[in-house]
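# Structural features, examined
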Amino acid sequence: MKIVVLDGYTENPGDLSWEGFEALGDMTVYDRTAADEILARAKGAQVLLTNKTPLNAETLAALAPELQYIGVLATGYNVVDIAAARSHGVPVCNIPTYGTAAVAQFVMALLLELCHHVGDHSRSVKAGDWSRCPDFCYWNTPLIELAGKTFGVVGYGRIGRAAAKLAAAFGMEVLACDAHVSAGSDGVARMVSLEELLAASDVISLHCPLFESNREMINREAIARMKDGVLLINTSRGPLIDEQALADALHTGKVAGAGLDVLTVEPARPDNPLMKEPNCLITPHIAWAPKESRQRLMDIAVDNLKAWLAGSPQNVVNP
Ligand SMILES: NC(=O)c1ccc[n+]([C@@H]2O[C@H](COP(=O)([O-])OP(=O)(O)OC[C@H]3O[C@@H](n4cnc5c(N)ncnc54)[C@H](O)[C@@H]3O)[C@@H](O)[C@H]2O)c1
């Protein structure tokens, strides 16, 4: 069985092993594959693994009938035309969950950095500012205590719930809104409407998936409803935010700080308006990427292929 990984580098830059797959067939791993290289590399493979390399209807037609299985090395599978795969009888299997704890932890990393600017203060100390300081301490930015403040979770699913528990552990009051749960409390969060959440939260953290219906849900109007000096965290998907509106709000101080792991266009465009805003932390889509969660992703991807080989496929997104 010929197994081809089209873009293995972000999942395994060298600190993990592909041996689970290697035991199942003759495997070739490419770090990354450009659009015009896909066909030549994938031709003849029975098993194709992709993370972000697109497999559209035309490509899938060209790879049939040899291609029998597609594994997506991620949760989101929008890079594969799953209907076209189905029409060729090819199951597409994803990794529904592997990084919930890591992403929730990263939310707090962004939030704590906005509250304390640990990195900036350490750089300032090493640049000599403390040595020159007449006092025993100094700070370059306002410092923020979270206890007693309100943490608003938009999208109360796996990651939103995990982030809510961490916020509660910091003594924050937690509000949440979700497209499918509208009232009640689970002892961690009180469910409210999006409007109430926007108006009452000191920190707003986005955790809903991206759909056409919620693209730019955080637009000028939504920001206007927020508290002055709100902090905004986005580890979900960049297009949930109107980036120019957020840049303008950061500029005026309406939004005091933003922590973003995702942008509308990735990798970041140099002219993204948020790149110039000093109180906007931007990280390169790494919330999912601690070794532990990538190992979990690898293990589930291997299990998916084994389950398919055993005749009972799991995590099929195009049944
Ligand atoms: N930055 C990263 O590295 C990284 C890693 C993994 C996941 N993610 C993102 O995190 C998102 C959440 O992951 P999850 O595992 O918690 O998903 P999940 O499916 O468990 O939870 C999503 C929740 O959002 C709710 N929802 C859907 N539309 C909504 C809307 N318009 N308003 C409010 N709530 C809405 C759903 O009902 C669900 O409860 C993913 O969709 C993905 O975009 C990012």
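So, how was this worked out
- Residues numbered from 1 in each chain as written.
- Predicted model: local features only at pLDDT ≥ 70, side-chain atom pairs only at ≥ 80, totals over all residues.
- Heavy atoms only, no water.
- Helix = DSSP H or I, 4+ residues; strand = E, 2+ residues; numbered from the N terminus.
- Phe/Tyr/Trp six-rings, centres within 6.5 Å; stacked < 30°, edge-to-face > 60°.
- Buried < 20%, exposed > 50% of the residue type's maximum accessible area, 1.4 Å probe, protein only.
- Lys NZ or Arg CZ within 6 Å of the ring centre and 35° of its normal.
- Polar contact = N/O pair within 3.5 Å; in protein donor to acceptor, adjacent residues only side chain to side chain.
- Contact = heavy atoms within 4.5 Å.

## Here's the deal with unusual backbone geometry
In this model, Ala64 is joined to Pro65 through a cis peptide bond whose omega is 0°. Here Pro65 is to be found in the loop between α3 (57-63) and β4 (69-72). The residue after Glu266, namely Pro267, is reached through a cis peptide bond having omega -5°. Take Pro267: it is sitting in the loop between β11 (255-260) and β12 (280-282). Of note in this structure, Asn315 is not a glycine but carries a positive phi near 55°.

## Some remarks on the packing of aromatic side chains
Tallied over the full model, the rule gives 3 aromatic pairs. Centroid distance Trp18 to Phe21: 6.3 Å. Interplanar angle 45°. Geometry classified as tilted. By the burial criterion, Trp18 is buried, and Phe21 matches it. Over the aromatic face of Tyr9 sits the side chain of Arg32, whose NZ or CZ is 4.8 Å from the ring centroid.

## Description of the side chain of Asn234
Counting through the fold element by element, Asn234 comes out in strand β10 (residues 230-234). A distance of 2.8 Å separates a polar side-chain atom of Asn234 from the backbone nitrogen of Ser236. Each residue touching Asn234, except ones within four places of it in the same chain, is listed here: Leu206, Leu240, Ile241, Gly259, Leu260, Asp261 and Val262.

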